[in-house]
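Given next are the chains, with one letter for each unit.
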Amino acid sequence: MKKNQNVISISLFAATLLIFLFLNIKGVAKTICTAEGNFTEKKTNVETYLSNSVSGKDIFTELYGEIHNILLLDIIGPFEFIRDESKIMQRKEYSYDIKPFVNSIESLSDILKDRNVPLIFVQLPDRGRNFLASDSFEYFGKSQDALVSELKNYGVDIFDVENAICDKEVLENYFFVSDVHLTTSAEYLNARLITDYLTDKYSLRFPQYETIFNAENWDWENHEFWGNLGRSSGKVFSGIDNFVTFLPRFDTKLRLTIPHAAIMKEGTFKEVLTNDFEAQNNPSIYWVTNYGQFPQPSYSYENLLAPHGPKILVIADSIMMRTNTFLSLNTSLLTVLDPRAFESTDNLAEFFQLYSYDAVIVCGCDYNFFKSTFRSTFSFDKLPTMSNCNSGYYGMWLDSCNDQPQSQQGAIDISTIAGKNFITLVGWAADFSTNQPLSALYIKIGDLVFQCEYGLARDSVSEYFGLSALQSTGFTITIPVEYLRRASTSEIQFIQIGSDGTYKYAPVQYAFD
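On a predicted model such as this, the values are computed, not experimentally measured, just so you know. (Residues numbered from 1 in each chain as written. Predicted model: local features only at pLDDT ≥ 70, side-chain atom pairs only at ≥ 80, totals over all residues. Heavy atoms only, no water.)

**Description of helix H8 (residues 184-202)**
Put simply, the rule is: In this description a helix means any DSSP run of H or I spanning at least four residues, a strand means any run of E spanning at least two, and both kinds are numbered starting from the N terminus. To estimate the expected span of a helix, subtract one from its residue number and multiply by 1.5 Å. Here's how the labels work: a residue is buried when its accessible area is under 20% of the maximum for its type, exposed when over 50%, partly exposed in between, all with a 1.4 Å probe on protein chains only.
Along its 19 residues, H8 runs 26 Å from first to last C-alpha, staying within 8% of the 27 Å computed at 1.5 Å per residue. Buried within H8 are the following residues: Thr184, Ala186, Glu187, Tyr188, Leu189, Asn190, Ala191, Leu193, Ile194, Thr195, Tyr197 and Leu198. Ser203 sits one or two residues past H8 and shows a positive phi near 60°.

**Observations concerning the sheet that holds strand S18 (residues 422-429)**
Selection rule: Whether two strands pair depends on DSSP finding at least two bridges between them.
In spatial order, the strands read S16-S15-S18-S22-S21; together these 5 strands make up an open sheet with antiparallel pairing. The open sheet has two edge strands, strand S16 (404-405) and strand S21 (453-456), and neither has a second partner. Here 2 bridges tie strand S15 (residues 396-401) to S16, and the two strands are oriented antiparallel to one another. Residue pairing across strands places Cys401 opposite Gln404, the latter belonging to S16.

**Structural notes on the pattern of salt bridges**
Put simply, the test is: A side-chain nitrogen of Lys or Arg and a carboxyl oxygen of Asp or Glu constitute a salt bridge if their distance falls within 4 Å.
Scanning the model with the defined rule gives 13 salt bridges in all. Of the charged contacts in the structure, one is a salt bridge between Arg255 and Glu302, with a shortest N-O distance of 3.3 Å. Taken together, the residues span a long stretch of sequence, with Arg255 in strand S8 (residues 254-258) and Glu302 in strand S10 (residues 298-303) at a distance of 47 residues. Judged by relative accessible area, Arg255 falls into the partly exposed class, the value being 23%. Residue Glu482 is joined to Arg486 by a salt bridge in which the shortest nitrogen-to-oxygen separation is 3.2 Å. Of this pair, Glu482 and Arg486 both sit in helix H16 (residues 482-487), separated by 4 residues, roughly a single helical turn. Via salt bridges that share partners, Lys253, Arg255, Glu266 and Glu302 belong to a single interconnected network.

**A closer look at empty space enclosed by the protein**
Put simply, the rule reads: Only protein atoms enter the 1 Å grid used here. Points where a 1.4 Å probe fits but cannot escape make up a cavity, open sets with protein on both sides within 12 Å along at least five of seven lines make up a pocket, and a residue lines them when an atom lies within 4 Å of a point. Grid points are joined across faces, edges and corners, and a volume is the space filled by probe spheres set on the points.
Applying the stated criterion to the full structure yields 2 cavities of 30 Å³ or more. By volume, the second largest cavity amounts to about 90 Å³. Lining the second largest cavity we find 14 residues, and of these Tyr299, Asp317, Met321, Val336 and Asp338 sit closest to its centre. Secondary structure elements with two or more residues in the lining of the second largest cavity: helix H12 (321-328) and strand S12 (333-337).

**Section: the nonpolar core**
The condition is simple: Grouping buried Ala, Val, Leu, Ile, Met, Phe, Trp, Tyr and Cys residues that are joined through side-chain atoms within 4.5 Å yields what is termed a nonpolar core.
Counting 60 residues, the largest nonpolar core has Val122, Tyr174, Leu198, Trp218 and Met320 as its most contacted members. No other element matches the 8 residues that H8 contributes to this core. Ile315, Cys401, Cys452 and Tyr510 belong to the second-largest nonpolar core, a separate cluster that totals 58 residues.

**Regarding the sheet that holds strand S4 (residues 119-123)**
Using the following cut-off: Orientation is described by axes fitted as lines to C-alpha atoms, over the contacting stretch for helices, and by angles from 0 to 180 degrees between their N-to-C directions. Contacts are residue-level and defined by heavy atoms, with any inter-residue pair within 4.5 Å sufficient.
Taken in spatial order, the 8 strands of this open sheet run S5-S4-S13-S11-S12-S10-S8-S9, and their pairing is mixed. Each end of this open sheet is capped by a strand with a single partner; those strands are strand S5 (157-160) and strand S9 (263-267). Each adjacent strand pair in this sheet contributes to an overall mean axis angle of 20°, direction not counted. As paired strands, S4 and strand S13 (residues 359-363) are joined by 3 bridges and run parallel to one another. The residue bridging Leu119 from the neighbouring strand is Val360, located in S13. This element, H12, spans S8, S10, strand S11 (311-316) and S12 of the sheet and lies at about 160° to S12.

**Observations regarding the environment of Trp218**
Residue placement: Trp218 occurs in strand S6 (residues 218-225). The class of Trp218 is buried, set by a relative accessible area of 1%. The spatial distance from the C-alpha of Trp218 to the C-alpha of Pro248 is 4.4 Å, given a sequence separation of 30 residues. Setting aside residues no more than four positions away along its own chain, Trp218 makes contact with Tyr188, Thr211, Ile212, Phe246, Leu247, Pro248, Arg249, Phe250, Phe269, Phe326 and Leu329.

Take a look at the structure:
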């Protein structure tokens, strides 16, 4: 009987596959015929069509997962996703060199030791602790073990969350089965454990500890949730999780600042710390991103009701987004940086000059996080200085300030920032000693330094100078107006780093008049 059921199920699956192909062959053919470009570009267009416009995709995916259940298979695709013995979905990781990330942490550790600021690497429990295939399969837990070993050898403080939990029942509800992230109860627990660790070991004091970590002070709401590890296998195969959203019952007042996006807003927990997803009975809503500011590279939460709380810097990927939400209510300032979004730039150095942090936390789960690098100091301080060239305005040109065109160089009409929270500058700059783009461009306000987004397309520049190499010389930067007040200055300076990164040019000044 069982054998007959399997034959029937497989036959239905095969028939569905044929129907699926029939329904989509016309769309795929049309996409190929209308797509422009080479083979790779056509292939990309077809993949986009299959991901977004394919007919019957959801039904096919569910049947695809169900046939795996019938055949007792736990592997989806070419070892892309594996369901382990605990029915938790595991994601394949690809081999990568952890040394660049380790070097970044070691450099950060040296700087923080000089400032007497603790650096804590948060080691999360192993998602694959019951994963029998782990010896022959690369996944997060294994790569984290190798990383932690390297950091321990260098003397980095490791906070082992699993050792702090010491409760198998808690660990059973720690992970989503269908998503790479943690359950809300796990992130709430992590926030408390990290707070306890900072208090016990480093004597930091958190003003609202009793309020925040009393579960009765929160409104918790359950939602069906289908995570990112189940999207290729269907709900039947991966299972449906329970996502718990939360809102405080106590008063809150916070300010969110996202410098790169020119966003600053002030309000309650819901207005500032959530993205105000509508509560619907729809498991496809990706509730994880209702918290935090993914995919922004950096942002800060100021707790306006706890001005004397500690200042914490968190270097993390999305595994900490809800944890950060809880921590932000117990600190005066919480800054979040995701090095996946600003690899090899100086964002970290920028925040070190802006704030005196009481602790720095590092935590991640994505292999893209652990293969990223970041710099803790500005890279141009000791470079020799060359004289500016005369092309443009000393090798550059400022086109606009807050979308207002610049009629002259060297001065910026102060009315362009009147009543504004941010300054956005747009222009171009080049290394005319080599007729190449700069390797980097910075802006300096008093003692504060910030890296511009550089390398944007500027066809007009390359056409004007008749040099195709100058096509990628555009820049933009957005900074809070507050930084001018903080530096007590009305002047800004641009620092141009030569094309090979071995020299810099004399600062180019602009004054707000």
